[in-house]
Amino acid sequence: MQYVERVLEELKTKNPNEPEFHQAATEILNGLKPVIEKHPEYEKAALLERFVEPERVILFRVPWVDDNGAVHVNKGYRVQFNSAIGPYKGGLRFHPSVNLSIIKFLGLEQILKNSLTGLPIGGGKGGSDFDPKGKSDNEIMKFCQSFMTELCRHIGQDTDVPAGDIGVGGREIGYLFGQYKRIRDEHVGVLTGRGLSYGGSLARKEATGYGLVYITEEALKCRKDSFKGKTVIISGSGNVAIYACHKAQSLGAKVVAMYDSNGYIYDKNGIQLDVVKQIKEVERGRIKEYANRVKGAEYHEGCKGIWTIPCDIALPCATQNEIDKASAEILVKNGVKYVGEGANMPSTLEAISVFQKAGVVFLPAKAANAGGVATSALEMAQSSGRLFWSFEEVDAKLKNIMVNIYHNMDEAAKEYGVEGDYVAGANIAGFKKVAEAMMAHGIV
Ligand code: NDP
Ligand code: 2IT
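Thresholds, definitions, all that
- Residues numbered from 1 in each chain as written.
- Chains lettered and ligands numbered in written order.
- Predicted model: local features only at pLDDT ≥ 70, side-chain atom pairs only at ≥ 80, totals over all residues.
- Heavy atoms only, no water.
- Buried < 20%, exposed > 50% of the residue type's maximum accessible area, 1.4 Å probe, protein only.
- Helix = DSSP H or I, 4+ residues; strand = E, 2+ residues; numbered from the N terminus.
- Arc of directions from axis to C-beta.
- Contact = heavy atoms within 4.5 Å.
- Salt bridge = Lys/Arg side-chain N within 4 Å of Asp/Glu carboxyl O.
- Pairing = 2+ DSSP bridges.
- Axes fitted to C-alpha atoms, helices over the stretch in contact; angles between N-to-C directions.

**Here we look at helix α10 (residues 273–282)**
Among the residues making up α10, those that are buried are L273, V275, V276, I279 and K280. Taken around the axis of α10, the buried residues stretch over an arc of 155 degrees, which confines them to a single face. Turned more than 90 degrees away from the buried face of α10, the exposed residues are D274 and V282. Here the buried face of α10 lies against α9 (239–250), β7 (254–259), β8 (263–266) and α11 (289–293). Phi turns positive, to about 50 degrees, at R284, one or two residues after α10.

**Some words on the pattern of salt bridges**
This model, assessed by the stated rule, comprises 26 salt bridges. Residue R171 is joined to D137 by a salt bridge in which the shortest nitrogen-to-oxygen separation is 2.7 Å. Here R171 is found in helix α7 (residues 170–184), whereas its partner D137 is found in helix α6 (residues 137–151), with 34 residues between them in sequence. Given the relative accessible area of 44%, D137 is considered partly exposed. Residues participating in the shared-partner salt-bridge network are R6, E10, E43 and E49.

**Structural notes on the sheet that holds strand β1 (residues 56–65)**
Strands in a sheet are paired, the pairing made by backbone hydrogen bonds, and the direction either parallel or antiparallel. Pairing within the open sheet is mixed, and its five strands lie in the order β1-β2-β4-β3-β5. At either end of the open sheet lies a strand with only one pairing partner, and these are β1 and β5 (160–163). If you compare each strand with its neighbour and ignore which way they point, the axes differ by 20 degrees on average. Looking at chain direction, strand β3 (residues 88–94) and β5 are connected through four bridges and run parallel. Bridging across to β5, G90 finds its partner in P162. Here helix α5 (residues 100–116) sits on the sheet in contact with β1, β2 (71–82), β3 and β4 (123–128), set at roughly 150 degrees to β4.

Written out as structure tokens, the structure reads:
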């Protein structure tokens, strides 16, 4: 059996009941085949076996007391996946669906994403099955304090630097940082996405969404096209979706639909982002409310229908596997030309295949959403140097990083004979540096 197939087989046997982890590993390792063939020394060094096995998995109990005095227990996770090129880096996700499979798929993706940024950050991910929906600020604070009471002994500014992800934004990072500082007595850059008053970076909040649009803009530019006048669908209405919408609109696109986990809004006149921001960021409400406030807008229960709206560009920005084969086929039938993944693994393997066969320009998550973690690394640099860069400075660096990622994956795909296949290109471009570092470190 070929090396890649054997490693994938063993991974599935050794890690049963982890479908998301299997999915991410399958996409990555298949994309790496041309590199593996060129480097027989990797098999001798069991490089892939080591690459897919986390360096450390931390599982812990998170007990907390709600406003009525009831005691709850959640699971806490931190997967420290790979530190070959820098300290572990990656977000924390608070969502009831969180389990080890999801954290491991996110951690594996993060290794190559972080490498693609060109900055010295390894890969990690963490989170909890805690559901922040409907909780008071006090309950969120109690939960974050309990979570950090355990996590703080495993992280550090040069060891492991968590950040936000689904369900973890500025409010949660603030509570987590407060508890870290209280226990460890260090005011350091141990978390990114911090508030501006205590060491955060300008443009971090906007970075993932802006970065997604910058890389898509570069793909358009290389085909003598632009966002101007394009019809865009963005799924989700959280941090990534909101700032992707903002940047796409500022480049002249018409964003006509967004969703949350209950249903989608369709506004043929173009989404009024200030209304979405008021509902989602200020009121922490439901997207349904948009249709009550904006004349001519429609609300539809359920998420899937969003992909039946004709568009030129689709930017999935909510969660894994939100675009399946059937949705991809409808998007293609309706003429989609570009798909940029703001979320992590939003397209199933079958959906990716539909897009690629149809000649859609498909920008995979580990490249397209790398702007967030890249700007986190810029936040780390500012923390270490005790510096504070202007918005324009950080934004310019972010744009430059995204343009470089586009060309690196494009060139890697060409070099290995799979021109235009950015799934393979991104995997190869990200893997090269990690593999080189792992080989240099010996068997560790
Ligand atoms: P948020 O929590 O801010 O927003 C998440 C959005 O996605 C919400 O609108 C949420 O709806 C929706 N959503 C979540 N789960 C589901 C689901 N199962 N079905 C339908 N909709 C769902 O998270 P972010 O915007 O930060 O993250 C979005 C995606 O981007 C994730 O895949 C994340 O991993 C990825 N990402 C985030 C980065 C960052 O910097 N924040 C960086 C790179 C990638 P509802 O409110 O109803 O739950
Ligand atoms: O998936 C991701 O890249 C993130 N959630 C951001 C991670 C980070 O450390 O900024």
